[in-house]
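# Structural description and commentary
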There are 2 protein chains.
Amino acid sequence: MMQEDAFAMVTQSHESRLTISPAHIAALRGMLGPKGFSDDAQRIAAKCQDWRGRYQGHTGLLALPGDVEGVSRLVAYCASHQIAILPQGGNTGLVGGSTPQGEVLVSLERMNRVRGIDPLNATLSVDAGVILQTVQETAAAADALFPLSLGSQGSATIGGLISTNAGGVAVLRYGMMRDLVLGLEVVLPDGRVLNTMRGLRKDNTGLDLKQLFIGAEGTLGVITGAVLKLFPRPGAISTAFLALDRIADAPALLRLCQHRSGGSVTAFEIMPHRGLELVLQHIPQSRAPLETASPWYVLVEISTLNEELADTLLAAMLESAFENGLIRDGVVAHNQQQSAALWGLRENLPEAERAYGKAVKHDVSVPISSVADFIRQADQIVREHFSEAEIIAFGHVGDGNIHYNVSAAPDQQTVLWQRAEAITESVYDCALALGGSISAEHGIGILKKDDLANRYPLEAEMMGIIRRALDPGRIMNPRMMVD
Amino acid sequence: MMQEDAFAMVTQSHESRLTISPAHIAALRGMLGPKGFSDDAQRIAAKCQDWRGRYQGHTGLLALPGDVEGVSRLVAYCASHQIAILPQGGNTGLVGGSTPQGEVLVSLERMNRVRGIDPLNATLSVDAGVILQTVQETAAAADALFPLSLGSQGSATIGGLISTNAGGVAVLRYGMMRDLVLGLEVVLPDGRVLNTMRGLRKDNTGLDLKQLFIGAEGTLGVITGAVLKLFPRPGAISTAFLALDRIADAPALLRLCQHRSGGSVTAFEIMPHRGLELVLQHIPQSRAPLETASPWYVLVEISTLNEELADTLLAAMLESAFENGLIRDGVVAHNQQQSAALWGLRENLPEAERAYGKAVKHDVSVPISSVADFIRQADQIVREHFSEAEIIAFGHVGDGNIHYNVSAAPDQQTVLWQRAEAITESVYDCALALGGSISAEHGIGILKKDDLANRYPLEAEMMGIIRRALDPGRIMNPRMMVD
């Protein structure tokens, strides 16, 4: 299946395409027009560093095209002159996928227009530079729901969220970003525009090409527009905070909640007691929701027709969970403020963790039924590497997605980081042995590129084949994901 | 992007790969073993004709591999000897995609094992030869729901349903087959096995390769296994049959039903009065559910926690729909028998239509908000072509999917079929002008191959590029979908 020789040639010339000549910069500036690029050093610097501060880069040109035609001309020029491009959204990624090392940096921040809403089709059509929060608000103003929800929603753009197939807290009910996209407008690696902005629920006209670009991290084209799926806005969203003796009970608890609520569960998040402790310690105004400590907590959210139904369902769920010995304690939020307080405990956990100390982080997933096995096995092997490890495993357990973070007290940080690589390899071993994934929602970027190549060799080979077929000049985000 | 010369060469040698020599047949038989192929003329004949009787074919060998290793060996042999393969599921497709013209016909009917069910992960793992009904029953036995539902569920196989991205009546709530697949086992065109049978809700390890094979109609590999998503089984499924003055009211009615039921609508089907007439005339034991005739009817189904809630929600929906002038009459099923009778009116429509006369059929979709415009515009232009046309537009209007069928009285059939091509082109023009699709759920196969090439040229070019990249020898179902 491979054309090794042709590929070797491409790889060898890889670096050269990262350096753009002054003549090309001048030509592109002329083509883009005065608003179509920026020389502002501060603005460029902000886009050349990832928000966690792990990656530092540089670019020869920050392009700010204002419409799809502008993107098309830019890409066509780069294609014919073998100039590498890196499309960047809100720059909120976690795997270094949007930090340039010489590529022309293409930001769609000027393409931030809501193109239209069709309430009867339950769709929203937007430029790719629109921010998630704007999409949520536009949907809400039309009495509809756009369900994707994650920490960076104030800066993450739709184009970036699609390119990374973003997840978040509502995947359990509404799916990943992939499941929320009905159509795309994409500038292909030769500058042509693929337009599938059709807003159709059913369309079996051959291969579903848009699937290729979702999660491709900008390696196959520049997404410039999208048609998004909207949902009926639930009449009531209710939250409970439950205490568990054993993480092994979480999958059965989820199943019980789904059955008792007719499939109304929209979020199901876990956190360990150590996580709660860190939040109470480091986040002002946070309060323990239960009187006694338990090893694990679950935040469960259900979305229903109205408050009355929500109360009935939550009461029935809790009663049954107590009876079945799945929970030892629990509290239900009776208003939005209480609900926000419970969610705050979960959402502030990453910040509390950072306040405590740097952690070796892993974004893994396993089948929901294997979550407890994974945590037990991973804990054991991590402690074999480093007995002082403080493990905070939390996250979207309703999707089998665990943010498995290994931290340590300040005086143990040096040792922790000496053993970080071995710890990570072991955590990945555990996840894969249980049929899991080493990147549940964060993607590959540059951070996990070697892991993808080493741990998924056939998949990586096929991704490379597709990439070379669609971008034979390898100008689209060339350093990322696969060779 | 294209490599025209290489491709022209492949196309020219196209026909030669359809003829398999006696020596290759003998070698493959030896490799497959006595159970691994069949010489039964009747059995072969049944698989060489599509069920509507539109396509008649032949094969040099009916292969019946018993496991993935057998499929792998078979494909590897065919790849190294340039022999074309056609994978066939239940042979229930509507576009000629599974009728061989000399290809080795690969049936997975011996691979019909449920590999395992994981209730806590809400997943079911199966061989691709398992029949849809078996999957539905296996899920139900574990108190779970596999929601895909369509007319041919007693013979359609999971492999075929995935390869054609099947739709059906529950797409509105649960999505297409694509949305129900978590993992695949695929024998690639070189015989290697891609295994993504991981049962994960979240897995962002690069491109989501399984998406390529879903809806690829066997052109990129042979699907041999799948992990399917299960859902909580609704406590109650309730049905109402509603009468509308105007099809233009259907989208607003759907929106109202969704809002009043908290998004509990699982089916929303339309049929015109002429369709009901045909059913009452041709289907024994069918009864008119309402006293007076209306131009259009909607069958709406909601899935909820329990009967009590269902009754409350349906009553509220109907009351509000009356008040808003969206319906003129309606009846609610009060038990399973009544519900089955209402569904029978919709499900027997295709059979009633056949009893009346052959129809020029179209499986189109448009945005839900454009359904009325589409029907009005298409009706007008079809009648310009043929004033005696009897148009039956019915189907999954909740997804914007209309089975737009043009029939005629027996004495007008000759004229109808003389004008069939012009009618079809006009219907497709109307759908595309409204941002629609010319194949909502039936796929491309051989029937719509030219339409795909002519009406979606860039898409077809890209599909060809991907196909040549993954199957450079073009052995997988070579005549189908795209050149």
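Look up: the structure comes first, before these words.
Residues numbered from 1 in each chain as written. Chains lettered and ligands numbered in written order. Predicted model: local features only at pLDDT ≥ 70, side-chain atom pairs only at ≥ 80, totals over all residues. Heavy atoms only, no water.

Looking now at the relation of the copies chain A and chain B. A rotation about some axis, followed by a shift along it, carries one copy of the chain onto the other. Between chain A and chain B, which share one sequence, the superposing operator has a rotation angle of 180° and an axial displacement of 0.0 Å; the RMSD is 0.0 Å. The transformation relating the two chain copies, once decomposed into turn and shift, fits a two-fold axis. When the interface residues of chain A are mapped onto chain B, 100% of them again lie at the interface, so the same face is used by both copies. (Least-squares fit on C-alpha atoms with pLDDT ≥ 70 in both. Contact = heavy atoms within 4.5 Å.)

Oppositely charged side chains may form a pair once their charged atoms are brought near each other. Under the criterion given, the structure shown has 50 salt bridges over all chains. As a salt-bridge pair, Arg115(A) and Asp127(A) come within 2.7 Å of each other at their nearest N and O atoms. Here the residue Arg115(A) occupies a position in strand β7 (residues 114-118), and Asp127(A) occupies one in strand β8 (residues 123-127), the gap between them amounting to twelve residues. Among the residues examined, Arg115(A) registers a relative accessible area of 27% and is labelled partly exposed. Its salt-bridge partner being Glu425(B), residue Arg455(B) comes within 2.7 Å of it at the nearest N-O pair. Of this pair, Arg455(B) sits in helix α18 (residues 449-455) while Glu425(B) sits in helix α17 (residues 420-433), placing them 30 residues apart in sequence. For Glu425(B), a relative accessible area of 30% gives the class partly exposed. (Salt bridge = Lys/Arg side-chain N within 4 Å of Asp/Glu carboxyl O. Helix = DSSP H or I, 4+ residues; strand = E, 2+ residues; numbered from the N terminus. Buried < 20%, exposed > 50% of the residue type's maximum accessible area, 1.4 Å probe, protein only.)

The subject of this paragraph is the interface of chain A and chain B. Many structure descriptions define interface size as the accessible area lost when the parts assemble. In this assembly, 84 residues from chain A lie in contact with 84 residues from chain B. Summed over both sides, the interface between chain A and chain B buries roughly 6900 Å², with carbon and sulfur atoms accounting for 64% of that surface. For the interface between chain A and chain B, the tally reads ten salt bridges. With a closest N to O distance of 2.8 Å, Glu441(B) and Lys202(A) form a salt bridge. The interface formed by chain A and chain B holds 36 residue pairs in polar contact (both at pLDDT 80 or more) in total. Listed by contribution, the elements that provide at least two residues to the side of chain A that touches chain B are α7 (171-174), β11 (193-195), α8 (210-213), α9 (250-260), α11 (307-323) and α18 (457-470) of chain A. If one sorts the elements of the side of chain A that touches chain B by residue count, α18(A) sits on top with nine residues. Here the side of chain A that touches chain B is composed, by residue class, of 38 nonpolar, 28 polar and 18 charged. (Buried area = accessible area lost by both parts, 1.4 Å probe. Polar contact = N/O pair within 3.5 Å; in protein donor to acceptor, adjacent residues only side chain to side chain. Nonpolar A, V, L, I, M, F, W, Y, C, P; charged D, E, K, R; others polar.)

Residues and elements named next belong to chain B. Taken in spatial order, the five strands make up an open sheet running β7-β8-β12-β10-β11, and their pairing is antiparallel. Whereas interior strands pair on both sides, the edge strands pair on one side only; in this sheet they are β7 (114-118) and β11 (193-195). On average, adjacent strands in this sheet sit at an angle of 10° to one another, irrespective of strand direction. In this structure, strand β8 (residues 123-127) lies alongside strand β12 (residues 222-229), joined through five bridges in antiparallel fashion. Counted as the bridge partner of Ser 125 is Val 227 from β12. Contacting β10 (181-187), β11 and β12, helix α4 (residues 68-80) crosses the sheet at an angle of about 50° to β10. (Pairing = 2+ DSSP bridges. Axes fitted to C-alpha atoms, helices over the stretch in contact; angles between N-to-C directions.)

Residue and element names in this part refer to chain A. Contact geometry of helix α10 (residues 273-282) with helix α13 (residues 349-356) gives a least axis separation of 8 Å together with a crossing angle of 75°. With respect to α13, the element α10 is oriented roughly perpendicular. Of the residues in α13, those touching α10 at Arg 274, Gly 275, Leu 278, Val 279 and His 282 are Leu 349, Ala 352, Glu 353, Ala 355 and Tyr 356. Taken together, the residues of the contact of α10 with α13 sort by class into six nonpolar, two polar and two charged. (Parallel < 35°, antiparallel > 145°, perpendicular 65-115°, else oblique.)

A few words on the packing of aromatic side chains. Here the structure, examined in full by the defined rule, presents six aromatic pairs over all chains. Taking 5.2 Å as the distance between ring centres and 25° as the angle between the ring planes, the aromatic pair formed by Phe241(A) and Tyr297(A) counts as stacked. Highlighted residues: Phe241(A) in strand β14 (residues 236-244) and Tyr297(A) in strand β16 (residues 296-304), separated in sequence by 56 residues. The two residues Phe241(A) and Tyr297(A) agree in class, both being buried. Sitting over the face of the ring of Trp417(A), Lys358(A) holds its NZ or CZ atom 4.5 Å from the ring centroid. Over the face of the ring belonging to Tyr356(B) we find Arg274(B), whose NZ or CZ atom lies 5.0 Å from the ring centre. (Phe/Tyr/Trp six-rings, centres within 6.5 Å; stacked < 30°, edge-to-face > 60°. Lys NZ or Arg CZ within 6 Å of the ring centre and 35° of its normal.)

With that settled, the discussion passes to helix α14 (residues 349-356) of chain B. Residues and elements named next belong to chain B. For α14, the full list of buried residues reads Leu 349, Ala 352, Glu 353 and Tyr 356. Relative to the axis of α14, the buried residues are bounded by an arc of 100° and lie together on one face. Where the residues of α14 are buried, they touch β15 (265-272), α11 (273-282), α13 (336-347), β19 (390-394) and β20 (401-407). (Arc of directions from axis to C-beta.)

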